[in-house]
Amino acid sequence: MGVITLVMLGSLAVLALAGAVLWGPQADRPDPSGVLRGPTTGHLLGTDHLGRDLLARLLAATWPSLLPAVAATLLGAAAGTTLGALTAVARGRAAGLLGALINLMLAFPALLVAVFFAALFGAGADGAVFALAVACAPGFARITQTLAAQVAGTDFMAAARVLGLRRHRLLLRHVLPHIAEPLVLNTTVAAGSALVALSGLSFLGLGAQPPSYDWGLLLSQGLDRIYTEPLPAVGPGIAIVYAAVAFQLLGEMLAGAAARQARPNPGEEPAAHSARTDRPASVDHVLEVEGLRVVLPTADGVVRPVRGVTLTLRRGEMVGLVGESGSGKSLTALAIGDLLPDGARATWDTHRFLGSDVESSTREERRRQLATGIALIFQNPASAFNPSLRIGTQMTEAVRTHRGTPRAEAVEQALAQLQRVALPAGRRLLTSRPFQLSGGQRQRVAIASASMMRPELIIADEPTTALDVTVQRQIMDLLRRVRHDDATAILFISHDIALVADACDRVLVMYGGTIVENLPAHELAAGARHPYTRMLVASVPDLAAEPDRPLHTIEGGPPDPHGTAPGCPFHDRCPHRLDRCAVQSPVLSPLGPEHEVACWQPLPATPSRGRHETKEAQQ
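All of the points below concern the structure found in this document.

## Considerations on the sheet that holds strand S7 (residues 374–377)
Here is step 1: Read across the sheet, eight strands follow the order S7-S8-S9-S3-S10-S11-S13-S12 without closing on themselves; strand pairing throughout is mixed. What marks the edges here is a single partner per strand, and that holds for S7 and strand S12 (589–592). Adjacent strand axes in the sheet meet at a mean angle of 25°, parallel and antiparallel pairs treated alike.
Here is step 2: Direction of pairing for strand S10 (residues 506–511) relative to strand S11 (residues 514–520): antiparallel, over a ladder of six bridges. Paired with Val507 across the strands is Leu519, a residue of S11.
Here is step 3: Relative to strand S8 (residues 457–461), helix H11 (residues 329–336) is tilted by about 150°, and along the sheet it contacts strand S3 (318–322), S7, S8, strand S9 (489–493) and S10.
Here is step 4: Contacts from helix H16 (residues 469–486) reach S3, S7, S8 and S9 within the one sheet, and its direction differs from that of S9 by about 155°.

## So, the environment of Thr312
Here is step 1: Looking at where Thr312 falls in the secondary structure, it is placed in strand S2 (residues 301–314).
Here is step 2: Placed 25 residues apart in sequence, Thr312 and Leu287 show a C-alpha to C-alpha distance of 5.4 Å.
Here is step 3: Apart from the residues within four sequence positions on either side, Thr312 is in contact with His285, Leu287, Glu288, Glu317, Val319 and Arg506.

## Thoughts on the packing of helix H4 (residues 93–106) against helix H6 (residues 125–152)
Here is step 1: Where H4 contacts H6, the axes come no closer than 9 Å and their chain directions differ by 140°. By the angle class used here, H4 and H6 are oblique. Crossing angle aside, the handedness with which H4 passes H6 is left-handed. Taking contact as the criterion, the partners of Gly99, Ile102, Asn103, Met105 and Leu106 in H4 are, on H6, Pro138, Gly139, Ala141, Arg142 and Gln145.
Here is step 2: A breakdown of the residues in the contact of H4 with H6 according to their chemical character gives five nonpolar, four polar and one charged.

## Considerations on a nonpolar patch on the surface
Here is step 1: On the surface, a nonpolar cluster with roughly 580 Å² of combined accessible area is contributed by Leu75, Phe116, Leu120, Phe121, Phe130 and Val134.
Here is step 2: Among the elements of the structure, helix H5 (110–121) and H6 are those that each provide at least two residues to the nonpolar patch.
Here is step 3: The dominant element in the nonpolar patch, judged by the number of residues it contributes, is H5, at three residues.
Here is step 4: Tracing the sequence through the fold places Phe116 in helix H5.

## Focus on helix H13 (residues 391–402)
Here is step 1: Counting buried residues along H13, nine of its 12 residues qualify, which places the element largely inside the surrounding structure.
Here is step 2: Those residues of H13 hidden inside the fold are in contact with helix H8 (167–203), helix H12 (363–373), helix H14 (407–420) and helix H15 (439–451).
Here is step 3: Trailing H13 by a residue or two, Gly404 shows a phi angle of about 65°, which is positive.

## Some words on the packing of aromatic side chains
Here is step 1: One pass over the structure, following the stated rule, counts five aromatic pairs.
Here is step 2: When the centroid spacing of 5.2 Å and the interplanar angle of 85° are considered together, the rings of Phe116 and Phe117 count as edge-to-face.
Here is step 3: Accessibility expressed as a relative area gives 23% for Phe117, which makes it partly exposed.
Here is step 4: Ring geometry for Phe117 and Phe121: centres 5.7 Å apart, planes at 40°, overall tilted. Taken together, the positions of Phe117 and Phe121, both in helix H5 and four residues apart, correspond to about one turn of that helix.

## Some details on the nonpolar core
Here is step 1: In terms of nonpolar packing, the biggest core is built from 94 residues, with Met395, Val445, Leu457, Ile459 and Phe492 touching the most fellow members.
Here is step 2: Look past the residues within four positions of Val445 in its chain and what remains in contact with it is Phe385, Ile391, Met395, Leu418, Leu423, Leu429 and Leu437.
Here is step 3: Listed in part, the 37 residues of the second largest apolar core include Met8, Ala16, Ala61 and Leu206.

## A word on the pattern of salt bridges
Here is step 1: For the structure shown, the criterion picks out 14 salt bridges.
Here is step 2: We note a salt bridge from Glu324 to Arg573, for which the minimum N-O separation is 3.0 Å. Highlighted residues: Glu324 in the loop between S3 and H11 and Arg573 in the loop between helix H19 (531–538) and S12, separated in sequence by 249 residues.
Here is step 3: The buried category is assigned to Arg573, whose relative accessible area is 10%.

What counts and what doesn't
- Residues numbered from 1 in each chain as written.
- Predicted model: local features only at pLDDT ≥ 70, side-chain atom pairs only at ≥ 80, totals over all residues.
- Heavy atoms only, no water.
- Pairing = 2+ DSSP bridges.
- Helix = DSSP H or I, 4+ residues; strand = E, 2+ residues; numbered from the N terminus.
- Axes fitted to C-alpha atoms, helices over the stretch in contact; angles between N-to-C directions.
- Contact = heavy atoms within 4.5 Å.
- Parallel < 35°, antiparallel > 145°, perpendicular 65-115°, else oblique.
- Left-handed = near helix turned anticlockwise from the far one by under 90°.
- Nonpolar A, V, L, I, M, F, W, Y, C, P; charged D, E, K, R; others polar.
- Patch = residues over 30% accessible without salt bridge, like charges linked within 9 Å, V, L, I, M, F, W, Y side chains within 5 Å.
- Areas by Shrake-Rupley, 256 points an atom, 1.4 Å probe, with all protein chains shown as cover.
- Salt bridge = Lys/Arg side-chain N within 4 Å of Asp/Glu carboxyl O.
- Buried < 20%, exposed > 50% of the residue type's maximum accessible area, 1.4 Å probe, protein only.
- Phe/Tyr/Trp six-rings, centres within 6.5 Å; stacked < 30°, edge-to-face > 60°.
- Core = buried A, V, L, I, M, F, W, Y, C linked by side-chain atoms within 4.5 Å.

Written out as C-alpha cells, the structure is:
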C-alpha cells in the first residue's frame, strides 16, 4: 500500500511541476478546424469548443487544481486549529465563549458556507480558496477542541501552569505538539476533500474562471456533451478521484507509520552523586495559609470540598497530609498552587508565601512567585510529562523562561539534576521522550525537574502510589535528599499512613475539607488524640495481627460536600461524640508542643501504639 501511495503522489507531483511546461502550449492552442471533436489518436479525450486538446488541458490543470485545494486546507487548518487550541489555555468565560463560537460555526453545513462565501468574495479561484478555508475551519476547530480538552486536564499542563508559562507558550510548546500527529493526519485527508469541494465550486461557476481552468471547470464543460462524448467529462472526474484517493492513502500511510514508531531503549544509569548545597537551612515559614476555602459550582448545587484549612510549612520541613479520598487534600494543594479547575474559587483569611501576602501582589508578581518558588510532583509519572516533547525540553523550560538561562547552561543544569537523582548523566536521556522511560525513571525525572528552579516548596501529590515498594523507597530517599540539600519544604500528600509517619516531620490529618489534627509524625501511632486519626492508624494492616481477624475499617462515609450542616464533620461516624458535636464545629486548639486537634473531647494519649485500644473502644 505504501508503494502504491508513493507512486500516486509522485505522479501528481510530476504532473503538477511539469504539466504546464510540457502540455501548456498545446492546451492553450486553438484549432478552429477541430472544434468539439471526439476522441482520436491525435486527441485521446477530444477537443473543446475552441479546438484545444482536452488531454493536454487535463494534464496542465494539475497544478491549478491541487495548489488551491492544498492552500485552502492549510488556511482552514491553521485558523481552526488555533481557535480550537485556545480553548485549552483560555480560562473561565473566555473558554466558554470560544466553545460557543465553535458550536455556532458548526451549525451551518460546510458546503453551504463555502457556496455563500464564494459568492460573497466573488467568482474566481482566490475567492473559492478563502471560501473553502472558512468552510473547513470549524471542523478543524472542533477536532482540535476535543483533542486539546484531553491535554488541558493533564498533569503536565498543570505543571506548566505552575511554571507560570504564558498562554502562547502553553499553546505552542504543550498543546499543539501533543496533538500535532492527529491534526497532520486529518489535514492530509482533508486535502482530498478540499480538492473535491473546490472542483465542485468551479463546476458551479464560482471557482476558476476562463481563461483559467482547473479540473472542476473542465468537468463542467465536458458535462454538456456527456451523452454524445462521455470522455471529456469522465477524464476530469477520474483525475479528481485519483488525487483525492492519493491524499487519503497518504493519511492512512502516515497513521500506520505513527503507530509503528519504534521505541528506543533508555540509556544506562550511572552511580549517584551528591548535590551541592547553595543555601543554609532555616526555620522561617515558607507557606502560611489560614482559613482556606474552595467553592466549586456544579449542576447539583455548590460544592464546598475545602472548608477552612489552616497550615504552615517551614523551610526544610516535610509535612504529610493524610485523609480519606474526597477529604480535600489534592484541592488544597491545587489552591495553593493556583491550579484550581475552571469555575472553582478559593478564598482565605491569610495566604503568605515566602513572607509576602499573595493577595496584595499583582497577577504578574504572583504568577512569577509561584512559578519560581513552588514545584509539583504528581501521582502518575506517566501523565506528569508531555509525551510529545523530549525530556530535556521539559526540564529546561522553566529556567529558560523565568531566568533567561542560555540553552547550553540549562542543559548542563538538567544533567546535574539527573545525576543527582541517580539517572544517566549523558545527553541520551535528555533526548528521550517520556514513554521511553520506566515508571521509576519518570518519577525520578519529575523530582529532578521539580528541583531545577531550586523551589522553596515542593508539593508531592501521592508521588509513590503508582510505583512498587522498591522504587517507592528510592523515591522517598530522593525527596529526603532534596529536602536536606536544598532546605526545601515538602508537602507530602498520601494515603499511606505508615509511609507518612516514617518520612515526615509533622502530619496534618484532613477530614471533610478541614484539618482535624496536626501532630508530630513520631507521635502518630501512640499520640493521636482525634478519634478520626486513631481510626485511620488502626486501619493500617498489622503483620503481627492474628491472620483470621478481619481488618479494621471506619464505618460510614465522608460528609456530603454539598451539605452545610453545623457541627463537627466527623460526628456521625465518631464513637465518642458529644451532644455539642452535632451543633458546634470545633477549631484547631493546642494540646502541646507542635500538637493541635479540632475535637471537643480529645482522646487520651496511649502509652503504646494505641491501635488495639482504639479497636476495643469501637467494638
